[in-house]
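Residues per chain, in single letters:
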Amino acid sequence: FFFLMIRRPPRSTQSRSSAASDVYKRQICISVFGAGRVGIRVTPVGRYRDMFDSDPINTYTVLSQELNKRNIAYLHTIEVSETDVVNKNSPYFKNKEEQLKDAFGFFRTVFNGTIIGNLEYTLEKAEQDISKKRVDLIAFGRFFISNPDLVSRIANGYPLTDSTPEHWYFGDRKGYTDYPNFEQVSK
C-alpha cells in the first residue's frame, strides 16, 4: 500500500495533478506490482478550513488523463457527505458549491477504470449507486469498524451495528475494536 499526501499543493493545475501522477510516471508501484494491482485514492471534495482545490474539475481531469495512460486498477474517491453539509461547524466541507457536485458522475466521464465509491454508505445506498453505475465497487469504512463480520452480516441479512465516531483512531479498544460479531450479540 502506497500513500501520497500533498500538504501544500503547487499553484498550477498541471503541477497539482502531476504530483500524484509522477508516482505512476516513474512506474514505481506499477513496476513492482503491475498496473492491474495499483490504485489511487483521491478526495476531490475535501476541504479543511481554508485549504481546498480552487479548480477541482481541471485538476482531476488532468490527473485522470494521466492515470488512464497507465491503466491502473482503480480510482477510490468520495463525495461530499450530507452530514458535513448539514453540520455548519464542520471544518471539512463549508460549501458544497465549491466542490465537485457529483464526484462519482464526474470521474465516470474522465476515468476509464474501476471506480470505488465511499460516502457513509448504507447497504441500500450502495446497491442503488452500483445499479445506477455511479460506481463499480463500494468501500464500507465506518461499518467495518463496528461490524467486524460485515461481509457475513450483509450476506445473511443481519442488522448492522452503528459505530461511535468519538472513539475512532484514538483511545483504547472501546468503540473501536470491541464490537462483537453478530453471533455473539444474538446469543
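See the structure shown above.
Criteria and cut-off values
- Residues numbered from 1 in each chain as written.
- Predicted model: local features only at pLDDT ≥ 70, side-chain atom pairs only at ≥ 80, totals over all residues.
- Heavy atoms only, no water.
- 1 Å grid on protein atoms, 1.4 Å probe; cavity = no way out; pocket = protein on both sides within 12 Å on 5 of 7 lines; lining within 4 Å.
- Points joined across faces, edges and corners; volume = space filled by probe spheres on them.
- Helix = DSSP H or I, 4+ residues; strand = E, 2+ residues; numbered from the N terminus.
- Nonpolar A, V, L, I, M, F, W, Y, C, P; charged D, E, K, R; others polar.
- Buried < 20%, exposed > 50% of the residue type's maximum accessible area, 1.4 Å probe, protein only.
- Pairing = 2+ DSSP bridges.
- Right-handed = clockwise from strand over helix to strand, strands pointing away.
- Phe/Tyr/Trp six-rings, centres within 6.5 Å; stacked < 30°, edge-to-face > 60°.

(A) Region of interest: the layout of surface pockets. In this model, the second largest pocket occupies a volume close to 260 Å³. If you trace the second largest pocket, you find 14 residues lining it, with Glu120, Arg142, Phe143, Ser163 and Trp168 closest to the centre. For the lining of the second largest pocket, the element with the highest residue contribution is helix H7 (residues 141–146), accounting for four residues. Grouping the constituent residues of the lining of the second largest pocket by class yields six nonpolar, five polar and three charged.

(B) Structural detail: the pairing of strand E3 (residues 114–118). Burial of E3 is extensive: four of the five residues sit out of reach of the surface. In the sheet, E3 pairs with strand E4 (residues 137–138) via two bridges, with the strands oriented parallel. By the bridge assignment for E4, Gly117 is matched with Ile138. What joins E3 to E4 is helix H6 (residues 123–131), and the crossover it makes is right-handed.

(C) Structural detail: the packing of aromatic side chains. Considering all chains together, one arrives at three aromatic pairs under this definition. Both rings, one in Tyr60 and one in Phe107, keep their centres 5.9 Å apart while their planes meet at 80 degrees; by these two values the pair is edge-to-face. Here Phe107 lies in helix H5 (residues 103–110) and Tyr60 lies in helix H3 (residues 56–70), a separation of 47 residues in the sequence. Judged by its relative accessible area of 13%, Tyr60 is buried. Residue Phe107 is classed as buried on the basis of its relative accessible area of 0%. An angle of 15 degrees between the planes, with centres 4.0 Å apart, marks the rings of Tyr158 and Phe182 as stacked. Of the two residues, Tyr158 sits in the loop between helix H8 (150–156) and helix H9 (182–186) while Phe182 sits in helix H9, which places them 24 residues apart along the sequence. With relative accessibility at 27%, the residue Tyr158 sits in the partly exposed group. Take Phe182: its relative accessible area is 18%, and that puts it in the buried class. Following the ring pairs from residue to residue traces out a cluster consisting of Tyr60, Phe106 and Phe107.

As far as function goes, none of this settles anything; it's purely spatial.
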